[in-house]
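Structure at a glance
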Amino acid sequence: MRRRTQRALASSLALVACGATLTACFEEPSPHEAVRGFLVGWQTGDYESAARRTDGDPAKVARAIEDVGVHLDAASFRFRIMGLRHTGGASEADFKAEVDLGENNPLWEYDGKLPLHLVDGHWKVRWSPSVLHPQLKEGQRLAVSPTTEGRKPINDRNERALQTDEVLHVATVTPSKLDDPAKLVQQLSEVTGFPQDRLLRQVLSSPPNDPVSLVTFGRGRYSQIESKLRALAPQGLRIERVTQPVAPASPVQIVGRVSAVTAETVQQLGGPQRAGDSVGQGGLQQYYQDMLTGSTGTRVITVDLKTNEQVAELHKAQGRVNSSVSTTLDTGVQAAADAAVSVGAQPAALVAVHAPTSEILAVGTKGMNQAKDALAGKFPAGTAFSMVAVDSLVKAGIDAKQKLPCPTERSVGGAQFQQVGAAGGAPTLQSNFANACVTALASLARRVDAKALSDSAAAFGIGATWQLPLKSFPGAMPKVNSDAAKAKVIAGQNVEVSPLSMALVAGAAASGTWKPPVLVTKPTAPPPGAAATPAPVPASEPIQLDAKSLETIKSFMRAGVTRGTAQAAEVQGGQRVHGIAAPALGTRGNNRTKFAWFIGWRGDLAVAVLLQGGEPGDAAAVAGRFFQNAKAPS
């Protein structure tokens, strides 16, 4: 929508420069006073002044000049005199016109001529419509015909649209069939809240026989005002039902919703949006708004006043072409994620990635936000983080079969740790890992140095940088300088992560290399003017994991499923499931909250599950349902 206040200011500034230019074109009295007076009056909206510089009827000429701006829906005019030829009692001036048609179109420039002659000793512009544009003739008017394409879709990795059809209601008029456009637009403005002058200019500038879409309504808004809109039918308002693929498929909060432009968003958005356009609300739809909608193209035409038909095309400006967005999301994997989190009473989040590429395949939630929680949430890592700590423990030379008791309580450097339930099986490092024994794992803090823990966290992407179109959290680990702090890191008590960052941890263990996440494959860079773009940062490079540590981690993760807390994630037949299920304690809102994690993989499907409340076994059960139904992309 045009920002007329700003453009009016721009026009007034242009006038100062233009006025100086027009004056400087001549050095002695000549027809230039008539030329200058006419063009300055036209440019500044002083149509009566401009009309007095012609030999025509002042009232009719003033109205004709004003109508040019109305019929073009022009934001401003600027003129430059290019030359003046004078022969006896006749003269002719050449001028260049620049017309701002708005809608993000480039300026329309054309060359015009002003014929002049002497009338009672005064130079006057010889009036005819061709003074306004060389191809405009008697019995004709100008009109603007906008060209737009429908909103392009956001697609999954197989180029299937992540939107479904939704019925919209469009308030439409045909200008030539309106007896009183101003009255109808006034009443429509009162019903909808759209600016009256904007709607009227849209009607008056359109080709008379072309349908004009003024306002589009979603189902909810339309149901509220349907009776008032239908009451305007006798005055020429029609309500048309159109079906557009704008209802988001899962994951809804990642894809984002689409709504019709409202009276409020018309003022907020500016740019290419018109009253009948759609606007993305949240998610990828908002981020890629300009790319999905493109911008309105414009055709300037002349119209026969008797037939209301087009006579000639004077100008055509191609709008910015819109294009679709391709994502890494997989519709089948998403369905499995949605089904997995739907069972149970606890709020849940599940993020699945393709382990070899770190492409995000699915984001499923129940009672949590897919974007704010699953991608960007900051949650305590809990004992699930011990998978990362094992990397540094193995490098420190600790044997997986080392005897390691799992007491109910332990103090390390003054930090207190409590274990609910004892580790099963023989009291070794592997069994304590598989059963998420926090007291046993924390006791190893003295055996590993702080830098090793930090290096392991970095190798698994904790605190890494990447560029996604939506906000996300890569995890954070504090600097540690004591045995107590190291013990808390091993236990995940002072480490914050998101379900996304933990899914990437699992993917790194499955593939042997950590890679930054990918959500969108086309476009490959943020589009110009992308909404709420995160600050651009260079993405972290892929990190190859230590082969020896990786072998131990994989054996530990398999033990977690075969004889540890993650047994509910097991799937019979096919590829083996690796994983760990562990508790975490943190804050949600202002309340101390218990969480449960599962992180692991099956084949190329890596996943993180977070439950608010519940037990580690419950989180593992969610993963099990997911693995049972999900198939990794080939």
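These notes cover the structure that comes with them. (Residues numbered from 1 in each chain as written. Predicted model: local features only at pLDDT ≥ 70, side-chain atom pairs only at ≥ 80, totals over all residues. Heavy atoms only, no water.)

Points about helix α7 (residues 219-230)
Within the sequence span of α7, burial applies to Tyr222, Ile225 and Leu229. For α7, the angular spread of buried residues about the axis comes to 110°, placing them on one side. Along α7, the residues that are exposed and aim more than 90 degrees away from the buried face are Ser223, Gln224 and Ser227. Among the structural elements, β7 (163-173), α5 (181-192), β8 (212-217) and β9 (238-248) are those in contact with the buried residues of α7. (Buried < 20%, exposed > 50% of the residue type's maximum accessible area, 1.4 Å probe, protein only. Helix = DSSP H or I, 4+ residues; strand = E, 2+ residues; numbered from the N terminus. Arc of directions from axis to C-beta. Contact = heavy atoms within 4.5 Å.)

Considering the packing of helix α19 (residues 499-511) against helix α20 (residues 547-563)
Two numbers describe a pair of packed helices, the interaxial angle and the distance between the axes. Between α19 and α20, the shortest axis-to-axis distance is 9 Å and the interhelical angle comes to 110°. Here α20 runs roughly perpendicular to α19, going by the angle between their axes. The interaxial crossing formed by α19 with α20 has left-handed handedness. Contacts between α19 and α20 pair Ala508, Ala509 and Ala510 from the former with Leu550, Ile553 and Lys554 from the latter. (Axes fitted to C-alpha atoms, helices over the stretch in contact; angles between N-to-C directions. Parallel < 35°, antiparallel > 145°, perpendicular 65-115°, else oblique. Left-handed = near helix turned anticlockwise from the far one by under 90°.)

What to know about the layout of surface pockets
It is a probe the size of a water molecule, rolled over the atoms, that shows where empty space is left. Roughly 740 Å³ of volume is contained in the second largest pocket. Residue lining of the second largest pocket: 35 residues in total, with Thr383, Gln418, Pro583, Ala584 and Leu585 positioned closest to the centre. Contributing elements (two or more residues each) for the lining of the second largest pocket: β17 (379-380), β19 (415-418), β24 (577-588), β25 (591-602) and α21 (616-629). For the lining of the second largest pocket, the element with the most residues is β24, which contributes 5 residues. Looking at the lining of the second largest pocket residue by residue, the classes come out as 15 nonpolar, 15 polar and 5 charged. (1 Å grid on protein atoms, 1.4 Å probe; cavity = no way out; pocket = protein on both sides within 12 Å on 5 of 7 lines; lining within 4 Å. Points joined across faces, edges and corners; volume = space filled by probe spheres on them. Nonpolar A, V, L, I, M, F, W, Y, C, P; charged D, E, K, R; others polar.)

What to know about the state of the cysteines
Throughout the structure, instances matching the rule amount to 1 disulfide. Cys406 shares a disulfide with Cys437; S-S distance 1.9 Å. Across the disulfide from Cys406 to Cys437, rotation about the S-S bond amounts to roughly 100°, and the bridge is consequently right-handed. Of this pair, Cys406 sits in the loop between α14 (386-395) and β18 (409-412) while Cys437 sits in the loop between α15 (429-434) and α16 (438-442), and the two are 31 residues apart along the sequence. The class for Cys406 is buried, based on a relative accessible area of 17%. Exposure remark for Cys437: the relative accessible area of 0% places this residue in the buried category. (Disulfide = S-S within 2.5 Å.)

Considerations on the nonpolar core
Where a protein is soluble and globular, its nonpolar side chains tend to be buried together. In this structure, Phe385, Met387, Phe460, Leu500, Leu519, Trp597 and Ile599 are the most contacted members of the largest nonpolar core, which totals 94 residues. Take this core: its biggest share by element is 9 residues, from α19. Phe460 has contacts with Met387, Val388, Asp391, Val505, Ala508, Ala509, Trp514, Leu545 and Ile553, leaving out every residue within four places of it along the chain. (Core = buried A, V, L, I, M, F, W, Y, C linked by side-chain atoms within 4.5 Å.)

Quick notes on the sheet that holds strand β13 (residues 310-317)
Taken together, the 3 strands give an open sheet; going across it, the order is β5-β12-β13, and neighbouring strands pair in antiparallel fashion. The outermost strands of the open sheet, each flanked by one partner alone, are β5 (140-147) and β13. If you compare each strand with its neighbour and ignore which way they point, the axes differ by 25° on average. Two strands pair when backbone bridges link them, and strand β12 (residues 297-304) and β13 are joined in this way by 6 bridges, in the antiparallel orientation. Across the sheet, the residue bridging to Val300 is His315, located in β13. The strands touched by helix α4 (residues 58-72) are β5 and β12; relative to β5, the strand with the most contacts, the crossing angle is about 20°. (Pairing = 2+ DSSP bridges.)

Focus on the packing of aromatic side chains
Across all of its chains, the model carries 13 aromatic pairs by this definition. On the numbers, 5.5 Å between centres and 45° between planes, the contact of Trp42 with Phe77 is tilted. Of this pair, Trp42 sits in helix α2 (residues 32-44) while Phe77 sits in strand β1 (residues 76-87); the two residues are 35 residues apart in sequence, bridging distant segments of the chain. The pair Trp42 / Phe77 is uniform in exposure class, with both members buried. Arranged with centres 5.9 Å apart and planes meeting at 75°, the rings of Phe79 and Phe95 form a pair that is edge-to-face. Highlighted residues: Phe79 in strand β1 and Phe95 in strand β2 (residues 90-100), separated in sequence by 16 residues. In this pair, the class of Phe79 matches that of Phe95, namely buried. (Phe/Tyr/Trp six-rings, centres within 6.5 Å; stacked < 30°, edge-to-face > 60°.)

Let's talk about the sheet that holds β24
With respect to topology, 5 strands assemble into an open sheet ordered β16-β15-β26-β25-β24, the strand pairing being antiparallel. The open sheet is flanked by β16 (359-366) and β24, the only strands paired with a single partner. Strand-to-strand twist of the sheet, defined as the mean angle between neighbouring strand axes without regard to direction, takes the value 15°. With 8 bridges connecting them, β25 and strand β26 (residues 605-612) associate as antiparallel partners. The partner of Trp601 across the bridge, within β26, is Ala606.

Re unusual backbone geometry
Residue Pro251 is bonded to the preceding Ser250 through a cis peptide linkage, with omega at 5°. Within the element layout of this structure, Pro251 appears in the loop between β9 and α8 (252-255). In this structure, the amide linkage connecting Lys522 to the following residue, Pro523, adopts the cis form with an omega of 5°. Within the secondary structure, Pro523 is located in the loop between β22 (520-522) and β23 (543-544). The phi angle at Asp120 is positive, at roughly 55°, despite the residue not being glycine.

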